[in-house]
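Each chain, letter by letter, is given below.
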Amino acid sequence: ARSGALGRHFITAYDNDVNLGVNNPALWNEEMHRSIGFNQSLHAAGINHGKVSYAQHFGEAGTGAVHMRYVAYGRMDRTNENGDVIGTFSAGDFMLGAGFGRRVNPNLSVGANVNLIWSHLEAFNSVGFSVDMGGIYLADDERTQVTALVRNAGAQFSSYFPDQERQPLPVNPMLGIAHKLEHAPFRFSIVAHSLNRWDLTYLDPNAQPTTDPLTGELVPVETAGFGEKLARHFIYQLEVLGGDLMRIRLAFDYQRRRELLVPNRPGMAGFSTGVGFNFHRFSIDYGLVIFSSAGFSNLLTFRTNFDKWKS
């Protein structure tokens, strides 16, 4: 919920939130020792998306963690070529991972996650693996943090069909920087994603030039310029640290807005927001992700530390 409220790819906060180590393994640290997090996203049409993560600190060796993620798409109608319903089938994607992070020195932490992926669609299955590797630099006062991350480096072990060529995963290199103001409760973050692919725009292959009805001139198909292509790589994040109890979050993802907005009703597409509450023994987070005026997603997170229940 925290990462979703901050526009996805929240990779720059080095604190005790055990869920963030799944996004960036360099964030695994001793403050997460014996912490567990439960996450659930409430989508439309009965789709369930969730995550469970647990971390354990091993002294000077570093911090290890295990995590599981899933998307269950529910039951769907099975139809024949005429559209007649002849039954139902299910589909889902699942990922089981293990990670390790280590504080190399006071200013640098590194880590890696290894993930086993299984995708199931009716009678078809695919298995693959991925590796995430990251590093984060922390200033002496830890108010400024800079991170570099490569996610989804991997490939399929087996494809959906026996004769289908196995495919690599969509690797996503990212850079992020965060800064907390010294005398105000604001932490600003900027994340640049998909750095291995300059042009993230979509060009409709069926689009054709049009004719201006006033001048009769031929109007070519519109293509993105330099500024548009550059802007799509950035996510802007703000977290308001309201004391020890409450956190307020807001983010803007320009790429998501451009991909999903409804042209005549853009609304708040690409924005996300949320709030978090930290109690003595547990924390609860809520996130609202606005995909477009036609749809949004609610996210809930519960996390706790087993050591806090001893007192």
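None of the values given here were measured: they were computed from a predicted structure.

Parameters and conventions
- Residues numbered from 1 in each chain as written.
- Predicted model: local features only at pLDDT ≥ 70, side-chain atom pairs only at ≥ 80, totals over all residues.
- Heavy atoms only, no water.
- Helix = DSSP H or I, 4+ residues; strand = E, 2+ residues; numbered from the N terminus.
- Rg over C-alpha atoms; globule rule 2.2 N^0.38 Å.
- Buried < 20%, exposed > 50% of the residue type's maximum accessible area, 1.4 Å probe, protein only.
- Contact = heavy atoms within 4.5 Å.
- Areas by Shrake-Rupley, 256 points an atom, 1.4 Å probe, with all protein chains shown as cover.
- Pairing = 2+ DSSP bridges.

Honestly, the overall build of the protein chain in this entry has me stumped. Any pointers?
Of the regular secondary structure elements, the protein chain holds four helices and 16 strands. Over its C-alpha trace the protein chain gives a radius of gyration of 22 Å, about what one expects of a compact globule, namely 19 Å for 311 residues. C-alpha atoms of the protein chain, sized along the principal axes, occupy 70 × 50 × 30 Å. Counting the 311 residues in the protein chain, one finds 40% classified as buried. Within the protein chain, residue pairs in contact and separated by at least 24 positions form 49% of the contacts whose partners lie at least 6 positions apart. Here the protein chain displays about 16800 Å² of accessible surface, and carbon together with sulfur accounts for 62% of that area.

Even after reading the chapter, I still don't get the side chain of Asn172, so can you show me in this structure?
Residue position: Asn172 is located in strand β8 (residues 172-180). The contacts of Asn172, once residues within four sequence positions are left out, are His9, Leu149, Val150, Arg151, His193 and Ser194.

Honestly, the pairing of strand β7 (residues 144-158) in this entry has me stumped. Any pointers?
In regular strands, side chains alternate between the two faces of the sheet. Pairing between strand β6 (residues 124-138) and β7: 11 bridges, direction antiparallel. Bridging from a neighbouring strand, Val127 pairs with Ser158 of β7. As judged from the eight bridges shared by β7 and β8, these two strands associate in the antiparallel manner. The residue bridging Leu149 from the neighbouring strand is Met174, located in β8.

Interpretation note: all reported values are geometric properties and have no functional meaning in isolation.
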